[in-house]
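Here are the chains, one letter per residue:
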Amino acid sequence: MSDNKIEKLIARLKGKEKIRILFVCLGNICRSPAAEGVMRAIVESRGLEGRFEIDSAGMGGWHIGDLPDKRMRVHARRRGYELTHICRQVRSTDFDNFDLIIGMDDSNLSDLQELAPTVEAENKIVGMATFVGKAMRCDAIPDPYYEGAEGFELVLDLLEDGCANLVDLLS
């Protein structure tokens, strides 16, 4: 999505009474529930709870009904985030129910674009790296599932930066 399209999307959303955001990764056990938890905490800390509806989902259905990955919950808890989301898979109705659908990497974005039922729905899809500051130097939020502790910490660093920037843009 071009910078101009993102600017138009953000401008349109700024005027909404409630902004509905869905974070998406592959299995909904690491990156997207962490993004949901980080975003909720930032929104709450700024007193904006009534302005946002935040959820997460996965492209695959392998972990439906599970809590997020224990390693991600442990790393998140150390930073003050409780990840209590119950994993679910992306549904076609999500394109009607959310204003902004944020994929964690190019594969997620491609899958979401294929799933989008209309051009309007496709225009709601944005990469999370779009909101991460230039100093963080990333073009995607890497999947920490097969990484060590550093992978989970990096994801949380990127999400804290990106979610704070996103709230700044929307409020």
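For the structure, check the block above.
Residues numbered from 1 in each chain as written. Predicted model: local features only at pLDDT ≥ 70, side-chain atom pairs only at ≥ 80, totals over all residues. Heavy atoms only, no water.

**What to know about the layout of surface pockets**
No. 1: Considering only enclosed or pocket space, the second largest pocket measures out at about 180 Å³ in volume.
No. 2: Lining the second largest pocket are Cys25, Leu26, Gly27, Asn28, Ile29, Cys30, Arg31, Trp62, His63, Asp143, Tyr145 and Tyr146.
No. 3: When grouped by side-chain class, the residues that make up the lining of the second largest pocket number seven nonpolar, three polar and two charged. (1 Å grid on protein atoms, 1.4 Å probe; cavity = no way out; pocket = protein on both sides within 12 Å on 5 of 7 lines; lining within 4 Å. Points joined across faces, edges and corners; volume = space filled by probe spheres on them. Nonpolar A, V, L, I, M, F, W, Y, C, P; charged D, E, K, R; others polar.)

**Quick word on the nonpolar core**
No. 1: Of all hydrophobic cores here, the largest spans 41 residues; its most connected members are Ile21, Phe23, Met39, Leu159 and Leu166.
No. 2: Listing elements by their share of this core, those giving two or more residues are helix H1 (3–14), strand S1 (19–25), helix H2 (31–45), strand S2 (52–58), helix H3 (70–78), strand S3 (100–103) and helix H7 (149–170).
No. 3: Of all the elements, H7 adds the most residues to this core, at ten residues.
No. 4: Apart from residues no more than four positions distant in its own chain, leucine 166 is found in contact with Ile10, Ile21, Met39, Leu100, Ile102 and Phe131. (Core = buried A, V, L, I, M, F, W, Y, C linked by side-chain atoms within 4.5 Å. Buried < 20%, exposed > 50% of the residue type's maximum accessible area, 1.4 Å probe, protein only. Helix = DSSP H or I, 4+ residues; strand = E, 2+ residues; numbered from the N terminus. Contact = heavy atoms within 4.5 Å.)

**Structural notes on the environment of lysine 18**
No. 1: On the secondary structure map, lysine 18 appears in the loop between H1 and S1.
No. 2: In this view, lysine 18 contacts Gly50, Arg51, Phe52, Glu53 and Asp99; residues no more than four positions away in its chain are not counted.

**Description of the pairing of S1**
No. 1: Across the seven residues of S1, six count as buried, placing the element largely inside the fold.
No. 2: Two elements, S1 and S2, share seven bridges in a ladder whose sense is parallel. Note on S2: the bridge partner recorded for isoleucine 21 is isoleucine 54.
No. 3: In this region the chain leaves S1, passes through H2 and returns to the parallel neighbour S2; the handedness of that crossover is right-handed.
No. 4: Of the strand pairs in this sheet, S1 and S3 are connected by four bridges, and their pairing is parallel. Residue pairing in the sheet places leucine 22 in a bridge with isoleucine 101 of S3. (Pairing = 2+ DSSP bridges. Right-handed = clockwise from strand over helix to strand, strands pointing away.)

As far as function goes, none of this settles anything; it's purely spatial.
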